[in-house]
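Below, each chain spelled out in residue letters.
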Amino acid sequence: MALIVHKYGGTSMGSTERIRNVAKRVAKWARAGHQMVVVPSAMSGETNRLLGLAKELAPAKADSAYSRELDMLAATGEQASSALLAIALQAEGMQSVSYAGWQVPIRTNDAYTKARIESIDDAKVRADLAAGKVVIVTGFQGMDDNGNITTLGRGGSDTSAVAVAAAMKAAECLIYTDVDGVYTTDPRVVPEARRLHTVSFEEMLEMASMGSKVLQIRSVEFAGKYKVPLRVLSSFTPWDIDLNEEAQSGTLITFEEDEQMEQAIVSGIAFNRDEAKISVLGVPDKPGIAYQILGAVADANIEVDMIIQNISKDGKTDFSFTVNRADHAKTIDLLKDKVLPALGAQEVQGDTRIAKVSIVGIGMRSHVGVASKMFRSLSEEGINIQMISTSEIKTSVVIDEKYMELAVRALHKAFDLDQAKA
Ligand code: ASP
Ligand code: MG
């Protein structure tokens, strides 16, 4: 018998029929002797619907102007789904109680729409578990020091579930979702992509931040910090499959200590089209230029990802970096208006038709030649590399967007990711 946290996403909670299925599955775990805490998302589409209503009433205002009310509003989605799940469990003959974030309470800071969890008081939940109840805790929300309802950012129910699991020292946190695990890459791009049985949390962090949107990235950070065993698995298996089989399915996010010896060097290929490239040409090559360019960008709250500076010719150099595609125009305007004149640079160019493709794997730490194998495979496909960045467990390149899928397929093959591990 163990304390287990289940999290169900919006699709899994999408209709009364599906909620009934969730209830049956949870009841199966509880009847097997486990203490169960369940964290549901709002029914699919509900958060968007609610936020859409707000937009209708205040189209001209920035969201930030009424963010307190947005949280008050959006939190109702999870309150409804949590109550419905408790009712469904009771209909299955289980004892169950649901709590909103403020009732637990889950305390957060006061950053509306992107609050961070600070502490969780688990006394009430523990007492209910001890009394034999299945406890449902709303995802996505908490309460600040003044009693205001806060939410954790879109996709935040993952983080709620991991935080509850961490606070309660749960044996495992299972994230039930509409995919059956984490894949070597997106199966829509590479049909041979395989589900990974395990992935290290550092790899998951890299993949989650690069477009494999299985988990909210903050939930992975949380799991890493508090060493919460985390599993991503499908909620679309029949609810009555064997519990042990279900408990081993999906992808387990592990910590390096428990890694098996023969870890693949590259575990996955991540990619995204979310970035744009900015190049400042003909910059005088002297101290302080990186700061002048990127300082101005940072002051405008624009996040920068990759950066390269070329060697100089005749005292001038070119300086390129990438930003979120949504910030592309703003960055160009900013540089043209404020930075270029002061810098004495010649020109700013932007390119939104780029893609970033990355190979990720903790095995890269202890192997040489991994990046060069990546570059060879791209050159064999005739794909030009525009930028490169590396970290201990990742190498990323920026290429022309139109070759993105080709690059992903070539790399997936080059690193034998379609071959099942022995
Ligand atoms: N319901 C929230 C959203 O749609 C939180 C979540 O589902 O994780 O973003
Ligand atoms: Mg989600």
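Preceding this section is the structure that the text describes.
By convention here, each chain's residues receive numbers from 1 onward along its written sequence. Naming scheme: in the order in which they are written, chains are lettered from A and ligands are numbered from 1. Per-residue local features of the predicted model are confined to residues with pLDDT of at least 70, and side-chain atom pairs are confined, for both listing and counting, to 80 or more; whole-chain, interface and lining totals are unaffected and use all residues. Side-chain numbers here rest on the full set of heavy atoms in the structure, without hydrogens or water.

> Which residues make up the site of ligand 1, and what values go with them?
Near ligand 1, the surroundings consist of Ser-41, Ala-42, Thr-47, Glu-78, Phe-140, Arg-154, Gly-155, Gly-156 and Ser-157. Here a nitrogen atom of ligand 1 and a side-chain polar atom of Glu-78 are 2.6 Å apart. Here a polar contact is recorded for every N or O atom pair within 3.5 Å, except that within protein the pair must consist of a potential hydrogen donor and a potential acceptor, and residues adjacent in sequence are included only if both atoms are side-chain atoms. For ligand 1, an oxygen atom lies 2.8 Å from a polar atom in the backbone of Gly-155. The method behind every accessible area is Shrake-Rupley, applied with a 1.4 Å probe, and residues are considered shielded solely by the protein chains displayed. Notes on ligand 1: free accessible area 260 Å², of which the protein chains cover 85%. For the shell around ligand 1, the per-class residue count stands at two nonpolar, five polar and two charged. We call a residue near a given molecule or strand whenever any one of its heavy atoms falls within 4 Å of it. Throughout, the ten residues Ala, Val, Leu, Ile, Met, Phe, Trp, Tyr, Cys and Pro are labelled nonpolar, Asp, Glu, Lys and Arg are labelled charged, and all others, Gly among them, are labelled polar.

> Describe unusual backbone geometry, and please don't skip the residues or the numbers.
A cis amide bond links Val-104 with the next residue in sequence, Pro-105, at an omega value of -10 degrees. Here Pro-105 is to be found in the loop between strand S3 (96-99) and strand S4 (106-108). Of note in the backbone geometry, Lys-169 takes a positive phi value of approximately 50 degrees without being a glycine. Put simply, DSSP H or I for four residues or longer makes a helix, DSSP E for two residues or longer makes a strand, and each gets a number counted from the N terminus. With respect to the element layout, Lys-169 can be found in the loop between helix H5 (157-167) and strand S9 (172-177).

> Provide a residue-level description of the nonpolar core, including the pertinent values.
Within soluble globular proteins, side chains that are nonpolar generally end up buried alongside one another. Nine residue types can take part in a nonpolar core, namely buried Ala, Val, Leu, Ile, Met, Phe, Trp, Tyr and Cys, and a core is a set of them joined through side-chain atoms within 4.5 Å. Note on classification: 1.4 Å probe, protein chains only; a residue is buried when its accessible area is under 20% of the maximum for its type, exposed when over 50%, partly exposed between these limits. Ranked by internal contacts, the top residues of the largest apolar core, which has 42 residues, are Val-5, Val-37 and Cys-173. With 25 residues, the next largest nonpolar core counts Val-26, Ala-30, Ala-88 and Met-94 among its residues.

> Give a description of the side chain of Lys-356 that names residues and reports values.
Turning to its location among the elements, Lys-356 is positioned in strand S18 (residues 354-360). Given the relative accessible area of 5%, Lys-356 is considered buried. Separated by 2.4 Å, the side chains of Lys-356 and Asp-305 make a polar contact.

> Give a description of H5 that names residues and reports values.
Here H5 lies mainly inside the structure; 10 of its 11 residues are buried. When we look at burial in H5, the residues that qualify are Ser-157, Asp-158, Thr-159, Ser-160, Ala-161, Val-162, Ala-163, Val-164, Ala-165 and Ala-166. Phi for Lys-169, located one or two positions after H5, is positive at around 50 degrees.

> Explain the side chain of Thr-184 to me, using residue names and the numbers behind them.
Inspection of the secondary structure puts Thr-184 in the loop between S9 and strand S10 (198-200). A distance of 2.7 Å separates polar atoms of two side chains, one belonging to Thr-184 and the other to His-412. When sequence neighbours within four positions are dropped, the list of residues in contact with Thr-184 reads Ala-193, Arg-194, Leu-196, Ser-267, Gly-268, Ile-269, His-412 and Leu-417. Residue contacts follow a heavy-atom distance rule, with two residues in contact if any of their heavy atoms lie within 4.5 Å.

> Residue-level account of the packing of aromatic side chains, with values.
Only rings of Phe, Tyr and Trp enter the pairing, Trp through its six-membered ring, and a pair is recorded when the two centres are within 6.5 Å. The plane angle decides the type: under 30 degrees is stacked, over 60 is edge-to-face, the rest tilted. With the rule as written, the count across this model stands at four aromatic pairs. The interplanar angle of 35 degrees and the centroid separation of 5.2 Å between the aromatic rings of Phe-222 and Tyr-226 together place this pair among those described as tilted. Here the residue Phe-222 and the residue Tyr-226 both occupy positions in helix H7 (residues 217-226), the gap between them amounting to four residues, near one helical turn. Owing to a relative accessible area of 16%, Phe-222 belongs among the buried residues under this scheme. According to the relative accessible area criterion, Tyr-226 is partly exposed, its value standing at 45%. Summarising the aromatic geometry, the rings of Phe-319 and Phe-321 are spaced 6.4 Å apart at their centres and angled 65 degrees between planes, so their arrangement reads as edge-to-face.

> Residues and numbers for empty space enclosed by the protein, please.
Space left empty within the atom packing is revealed by a probe, the size of a water molecule, rolled over the atoms. A pocket, in this scheme, is an open set of points on a 1 Å grid over the protein atoms alone with protein on both sides within 12 Å along at least 5 of 7 lines, while a cavity is a set where a 1.4 Å probe fits but cannot get out; residues line either one if an atom lies within 4 Å of a point. Grid points are joined across faces, edges and corners, and a volume is the space filled by probe spheres set on the points. Following the criterion strictly, the structure yields one cavity of 30 Å³ or more and no others. The calculated volume of the largest cavity comes to roughly 50 Å³. Every residue along the wall of the largest cavity is listed here: Val-104, Ile-106, Ile-120, Asp-122, Val-125, Val-137, Val-164, Ala-167 and Met-168.

> So what's going on with H7? Residues and values would help.
Considered for burial, the residues of H7 that qualify are Arg-218, Ser-219, Val-220, Phe-222, Ala-223 and Gly-224. Within two residues after H7, Lys-227 carries a phi angle of roughly 55 degrees, on the positive side.

> Go over the sheet that holds strand S16 (residues 316-324) with me, naming the residues and quoting the values.
In a beta sheet, neighbouring strands are held together by backbone hydrogen bonds and run either parallel or antiparallel to one another. The sheet built from four strands is open, its strands ordered S15-S16-S14-S17 with antiparallel pairing. Looking at the sheet topology across the chains shown, the edges are occupied by strand S15 (304-309) and strand S17 (347-351). Along the sheet, successive strands turn relative to each other by an average axial angle of 15 degrees, direction set aside. Between any two strands, at least two bridges found by DSSP are needed for them to pair. Pairing between strand S14 (residues 275-284) and S16: eight bridges, direction antiparallel. By the bridge assignment for S16, Val-280 is matched with Phe-319. Lines fitted to C-alpha atoms define the axes here, with helix axes fitted over just the stretch in contact, and angles between the N-to-C directions of these axes take values from 0 to 180 degrees. Along the sheet, helix H9 (residues 289-299) contacts S14, S15 and S16; its crossing angle with S16, the most-contacted strand, is approximately 25 degrees.

> Quick rundown of the sheet that holds strand S20 (residues 394-400)? Include the residues and the values.
On the basis of which strands lie adjacent, the open sheet formed by four strands has the order S13-S18-S20-S19 and antiparallel pairing. Either end of the sheet is taken by a strand with one partner, and the two such strands are strand S13 (268-272) and strand S19 (387-391). Sheet twist, expressed as the mean angle between neighbouring strand axes with direction ignored, is 20 degrees. Sheet topology places S13 next to S18; five bridges connect them, and they run antiparallel. Among the inter-strand pairings, Gly-268 is bridged to a residue of S18, identified as Val-360. Here helix H11 (residues 370-380) sits on the sheet and contacts S18, S19 and S20; the angle it forms with S20, its principal contact strand, is near 20 degrees.

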